[in-house]
Amino acid sequence: MRILVVEDEKKTASFIRKALQAESFAVDVCHNGDDALAAASTTPFDVVVLDIMLPGRDGLSVLRQLRTRKVSTPVLLLSARGEVNERVEGLNAGADDYLPKPFELTELVARVRALTRRGGENKSTLLRVADLTLDTLTHKAQRGGATIELTAREYRLLEFLMGSADRPCGRMMILEKVWDYDFDPGTNLVDVYIRRLREKIDANFQPKLLQTIRGSGYMLKEAP
Ligand code: CA
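Residues numbered from 1 in each chain as written. Predicted model: local features only at pLDDT ≥ 70, side-chain atom pairs only at ≥ 80, totals over all residues. Heavy atoms only, no water.

Caption draft 1: Just the sheet that holds strand β2 (residues 26–30), in detail. Across the sheet, which stays open at both edges, the five strands sit in the order β2-β1-β3-β4-β5 with parallel pairing between neighbours. The outermost strands of the open sheet, each flanked by one partner alone, are β2 and β5 (97–100). Adjacent strand axes in the sheet meet at a mean angle of 20°, parallel and antiparallel pairs treated alike. Examined bridge by bridge, strand β4 (residues 75–79) and β5 share four bridges and lie parallel to one another. Within β5, the position partnered with Ser79 by the bridge is Pro100. Across the face of the sheet, helix α2 (residues 33–42) comes into contact with β1 (2–6), β2 and β3 (47–51) while running at roughly 165° to β1. (Pairing = 2+ DSSP bridges. Helix = DSSP H or I, 4+ residues; strand = E, 2+ residues; numbered from the N terminus. Axes fitted to C-alpha atoms, helices over the stretch in contact; angles between N-to-C directions. Contact = heavy atoms within 4.5 Å.)

Structure below.
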């Protein structure tokens, strides 16, 4: 985990760096906005701790530039003035959290840690159709809070249908995407698996999500 600390007050920067290093984070420090922008644009940090009041380019400007450049690193803003306006402005500019000065170092470390976790969560994709969810990282499916056990093939089928939610999926398309077939094996393979999946995701729940499109295929859809 690599953290960028942007703070012009050298003593404060040093305290923050030591507190984070004590928690096993790797820490880089910048003392002005231009250096911070250059560093955060080129190095993949896990979190940026960004003071608003900086000489030259201020923290909000750094933040806006980063978001304009599609850098989505979580940002924790620090401000000497706990003004509501500044806080709202910061969050609107794309900050993930905000900590007014003075703060306890333990509080700052806890906030940074929370942001590193959030970054990790963002890497998994949670597909959702109504109250059915599928985590593409853990392959965990849930509906109405109940865990649904899936075989590997059922998982691929559900992932494909959820990724194509509200769009009709023909049998041939399903064979291609889920079984890697580029020919029609002339079996009712797809229908058999759809029946098994329906048993797991729809049988005990309302509304029914897996719709049959007569003659052509299937569609996962929130509203009937
Ligand atoms: Ca400052």
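Caption draft 2: Fine view of the packing of α2 against helix α3 (residues 59–68). At a minimum axis separation of 9 Å, α2 and α3 run at an interaxial angle of 25°. Here α2 is positioned roughly parallel relative to α3, judged by the angle of their axes. In this structure, α2 meets α3 at a crossing whose hand is right-handed. Here Gly33, Ala36, Leu37, Ala40 and Ser41 of α2 come into contact with α3, specifically with Val62, Gln65 and Leu66. (Parallel < 35°, antiparallel > 145°, perpendicular 65-115°, else oblique. Left-handed = near helix turned anticlockwise from the far one by under 90°.)

Caption draft 3: View of the sheet that holds strand β10 (residues 169–170). Taking strand neighbours across the sheet as the criterion, the three strands line up as β10-β12-β11 in an open arrangement whose pairing is antiparallel. One side of each edge strand has no neighbouring strand; the edge strands of this open sheet are β10 and β11 (210–213). Pairing between β11 and strand β12 (residues 217–220): four bridges, direction antiparallel. Within the sheet, the bridge partner assigned to Gln211 lies in β12 and is Met219. Those strands touched by helix α8 (residues 189–201) are β11 and β12, and its axis lies near 150° from that of β11.

Caption draft 4: Geometry of the coordination of the calcium ion. Protein-derived coordination of the calcium ion comes from Asp8 (OD), Glu9 (OE), Asp51 (OD) and Met53 (O), at a distance range of 2.1 to 3.0 Å. In the primary structure, the donors to the calcium ion are separated according to the pattern D-E-x41-D-x1-M. Here Met53 lies in the loop between β3 and α3 and Asp8 lies in the loop between β1 and α1 (10–22), a separation of 45 residues in the sequence. (Donors = N, O, S within 2.8 Å, 3.2 Å for Na, K, Ca; no water.)

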